[in-house]
Each structure stands twice: as structure tokens, then as C-alpha cells.
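# Structure at a glance
One-letter residues, chain by chain:
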Amino acid sequence: MKSTKMITINDIKKAQENLKNIAQNTPLTKAPILSEAFRSEIYFKKENLQLTGSFKVRGAFNRVASLSQEKRDAGVVAASAGNHAQGLAYATQHFNCEATIFMPEATPLTKVSGVKSYGAEVILHGENFDEAYEAAQEFAQKKQKEFIHPFADDDVIAGQGTISLEILEKVPDLKQLIVPIGGGGLIAGIAIAAKAINPDIKIIGVVATGAKAMKDSYRSQMPIDSLSVRTIADGIAVRDVTPKLLDIIIDYVDDIVEVSDNEIANAILFLLEKHKLVVEGAGAVATAAIMHEKVEIEDSKVCAVISGGNIDVTMLAQIIEKGLVKSNRKMNLIVTLMDKPGALMHLTEVFKECSANIVQIDFDRNSVKLEFGEALVTIALETKGEEHQKLIREKLKQNGYRFKQI
């Protein structure tokens, strides 16, 4: 493979030709709420609406399109946290080529199902991407099949770079591009293309706090691997740094910032509620960086790349639940009652007076923490904000209830 530093705008334009009628030119739309809040023009590049729910189909398809027929006939192998797997499975189905894909054991079911739906074989192995990657490489060598790397590959990087061509065609005077970073293939391709078109554009990378090897390496100008990774953004949960990609990022990227899981969750909920977009953790990090002021963007034209939307429904439910509690739209209480007829009815009358809707209730009379003749009620209420919750607390106190908000 030629050195990744030799990737040019021409390679990326060639990839765009390979992807014609395959990858969608996904919507690039203005984000009105963020634009107003930060007095800027902020755009979203919605790769969550891509064919396989993520940008990864671009690089994977370009790579398979560049293989010889002999190598396609032998079949390909890959490792992926989910999105590269779906992109590659789609590509190999298109070219009638067998694919064996290693994925971490904790990969969300939606991603595993998506891969299998395109006819690829899935092998779940390891706690994270890097462990699945090692097993996949060993398998590829043993079976003499082509290994297709999810990010450290020229053709894959060139495919991802086609996103820049689409963005800058629509907003040629863009000032900043904010891009998620896992292994670095996406930001490498985007940065190479964007800087070739406009050398003054700023490229800002975003990592998750629980997987920040690339940020640490960028700051130190040398590869520094993480001991472990832990983040809700499973698509960028990469432990080890690839030196070739670090070199590109040092050369082309202007800064790297980090966002916490709480900040990512806030962005997922914001995109769902305000923009009607279903976005996975990795896809939300660029938006999170804007929302939580990790980047300077006032009076600027900015684009956040929403890289994918393949979020596990269970994870999404947890994020919504916590978001409702945090925004005072849901209230969870534990109330101590006298264990006698009518006690629960009296409690619910208090909530009725406050116009608080009960959505869940649980009754416990056996806890060792209780005195004899007492019961604990765990109750979830729909509420209308902080003032409403304050009213409920005051009413409970007025009626002599012992309670705890959780």
C-alpha cells in the first residue's frame, strides 16, 4: 500500500466516481437553534441518513471497488465496531463477494443485524474494537483473504473524503468543519480534501473522553495508546493509534477537543427532540462540541458532521429517560407511607392536586430499612419543569410525608 501521506484530492475525486449511484449525497442543512444561540451559520452534514446509517459505506465500497476480481473471489475480512461492518457488507453484496467480519462482543444488536442482513458472516470477539481487530487479522492471514481496515487504508480514507467534496460544493465559504475521531480515517479524508479546496478552512476533531488516544497523541506529536476505552460512543471507541493516521492528522487538523458521555447524551437528545434526527453516540460528538462550547465558533460558518445513526434502541431509551429527569420533565420519588388501607390513595390525591401525572409506581413493604407498619412507594411522575417539581415537594412536606427525590 502506498503511504497514506500521498493521498490527494484526485484520489478522493476518483473515489467519488466509484461511489456514483451508490453512496447518497446526504442532506446538508442549517441548524437554526444552534445558529441563533451562537450567532453563526451552523450546518449539519447528515451521514446518519446514509444507506447503511453511516458514512462508512463510502470508504468500504471504494476499497472493494479497487480490489482485483481474484481478491474479491477469495473473500474479504474486516474488524469493526459496527458501521464499517455494515458498509463493507453492503459493498461485498454488491460485488457478490464473501465477507467475514469480526465485531466486539458488546456491539449493539441493531449493528450486528444490519451486517447479517447484507449476507456477511459475523464473528463476535473481544471487549473492544482492538481485540476484534487482532482476531480478524489472524483469521485473514490464516485463510489468505484480503483484510480491509476500517480506517488505516488509502482507499477507505479517500472514500470518506468525498464528504468534504459534497459539503464544500454547497457551502464553499465554510470556515470550520467539526468531525468525530475514532481511528481517524474520517477526519483524515475530510481534512485532505477540504484543505486542498480551501487551505484556510479549520478542521476540528472531536474525541470522547473515554477514548481519547488520538487527542493525547496529537498533543504529544507521537502515538500514545489508551489502556482501555469506555464511552457510549461505541463507533469511536478505539484504543490504539495508527501512526500513519496520526501523521495526517498532525499535518492537516487544526485542533482536537473532547466531550464527555453526558455531553454526548445531551447532544443525542437535542438532535432527536429539536431536529428529529436519530443519531448514535459517535455521530453526536461534533454537535456536542458545539453545544458545550468546546470550539470557538461565533460569527462563523461551521459544519458538524453527523457521522452515523445506528444507535441501539436500549441505549436511546436510557438517554431519553435520563434527559427527561435532567430537564425536570420527569420526577422520581421514594415516599414512606403507613402500610394501611387508603394510604396510597391519599398520596395520589396530593399528586392530583399538583396536576402531576403518575407514569410508574412500585410498592415495597418488605425492605429491611422499614419500620413495622411502613411501606415504601417508588413513583415516577411527568412534570412541567423545575417550578412544578418544587410545588410537588412543598405539597408532600405540607402533608407530612417523608420522601427522597432520586
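Below is a summary of the structure that appears in this document. Just so it is clear, the model here is predicted, and its values are computed rather than measured.

### Side note on the side chain of S40
Counting through the fold element by element, S40 comes out in the loop between α2 (32–37) and β2 (41–46). A distance of 3.0 Å separates a polar atom in the side chain of S40 from the backbone nitrogen of D299. A distance of 3.4 Å separates the side chain of S40 from the backbone nitrogen of S300, its partner in a polar contact. The contact partners of S40, leaving out residues within four places of it in the chain, are S35, I297, E298, D299 and S300.

### Describing the packing of helix α3 (residues 56–65) against helix α5 (residues 83–94)
For any two helices packed against each other, one specifies the inter-axial angle together with the distance between the axes. Contact geometry of α3 with α5 gives a least axis separation of 8 Å together with a crossing angle of 40°. Taken as axis vectors, α3 and α5 run oblique relative to one another. Seen from above, α3 lies across α5 with right-handed handedness. The segment α3 lies against α5, with K56, V57, A60, F61 and V64 engaging N83, H84, G87, L88, Y90, A91, T92 and H94. Here the contact of α3 with α5 is composed, by residue class, of 7 nonpolar, 5 polar and 1 charged.

### A few points about the nonpolar core
Core analysis: the biggest nonpolar cluster contains 38 residues, and I178, I264 and I290 have the highest contact counts within it. If you list the elements that add at least two residues to this core, you get β2, β8 (202–208), β9 (255–259), α12 (261–275), α13 (281–291), β10 (301–306) and α14 (313–326). When neighbours within four sequence positions are excluded, I264 is seen to be in contact with A208, T231, I232, A233, V259, G281, A284, V285 and A288. Counting residues in hydrophobic clusters, the runner-up holds 29 residues, among them F55, L177, Y218 and V241.

### A short note on the side chain of H275
Structurally, the position occupied by H275 is in helix α12. Those residues in contact with H275 that lie beyond four places of it in its chain are A31, P32, F44 and F270.

### Brief notes about a nonpolar patch on the surface
On the surface, L344, I358, I361 and F363 cluster together to form a nonpolar patch covering roughly 300 Å² of accessible area. Take the nonpolar patch: its biggest share by element is 3 residues, from strand β12 (residues 357–364). Using a relative accessible area of 40% as the deciding quantity, one classes F363 as partly exposed.

### Examining the sheet that holds strand β4 (residues 99–103)
Spatially, β5-β4-β3-β6 is the arrangement adopted by the 4 strands of the open sheet, whose pairing is parallel. Every interior strand has two partners, whereas the edge strands, β5 (121–124) and β6 (146–147), have only one. As paired elements, strand β3 (residues 76–79) and β4 share 4 bridges and run parallel to each other. Directly across from V76, in β4, lies its bridge partner A99.

### Some points on the pattern of salt bridges
Tallied over the full model, the rule gives 21 salt bridges. Its salt-bridge partner being K294, residue E263 comes within 2.8 Å of it at the nearest N-O pair. In this pair, E263 is assigned in helix α12 and K294 in the loop between α13 and β10, connecting sequence segments 31 residues apart. Several salt bridges converge on common partners, so that one network encompasses K45, E47, R58 and E166.

### Some thoughts on the packing of aromatic side chains
Counting across every chain of the model gives 4 aromatic pairs. Taking 5.1 Å as the distance between ring centres and 40° as the angle between the ring planes, the aromatic pair formed by F61 and F95 counts as tilted. Taken together, the residues span a long stretch of sequence, with F61 in helix α3 and F95 in the loop between α5 and β4 at a distance of 34 residues. A centroid spacing of 5.6 Å and a plane angle of 90° characterise the contact between Y90 and Y118, whose relative ring orientation is edge-to-face. Of the two residues, Y90 sits in helix α5 while Y118 sits in the loop between α6 (109–117) and β5, which places them 28 residues apart along the sequence. With a relative accessible area of 18%, Y90 lands in the buried category. Lying over the aromatic face of F95, R72 brings its terminal NZ or CZ to 4.3 Å of the ring centre.

Analysis parameters
Residues numbered from 1 in each chain as written. Predicted model: local features only at pLDDT ≥ 70, side-chain atom pairs only at ≥ 80, totals over all residues. Heavy atoms only, no water. Helix = DSSP H or I, 4+ residues; strand = E, 2+ residues; numbered from the N terminus. Polar contact = N/O pair within 3.5 Å; in protein donor to acceptor, adjacent residues only side chain to side chain. Contact = heavy atoms within 4.5 Å. Axes fitted to C-alpha atoms, helices over the stretch in contact; angles between N-to-C directions. Parallel < 35°, antiparallel > 145°, perpendicular 65-115°, else oblique. Left-handed = near helix turned anticlockwise from the far one by under 90°. Nonpolar A, V, L, I, M, F, W, Y, C, P; charged D, E, K, R; others polar. Core = buried A, V, L, I, M, F, W, Y, C linked by side-chain atoms within 4.5 Å. Buried < 20%, exposed > 50% of the residue type's maximum accessible area, 1.4 Å probe, protein only. Patch = residues over 30% accessible without salt bridge, like charges linked within 9 Å, V, L, I, M, F, W, Y side chains within 5 Å. Areas by Shrake-Rupley, 256 points an atom, 1.4 Å probe, with all protein chains shown as cover. Salt bridge = Lys/Arg side-chain N within 4 Å of Asp/Glu carboxyl O. Pairing = 2+ DSSP bridges. Phe/Tyr/Trp six-rings, centres within 6.5 Å; stacked < 30°, edge-to-face > 60°. Lys NZ or Arg CZ within 6 Å of the ring centre and 35° of its normal.

Keep in mind these values describe shape, not function.
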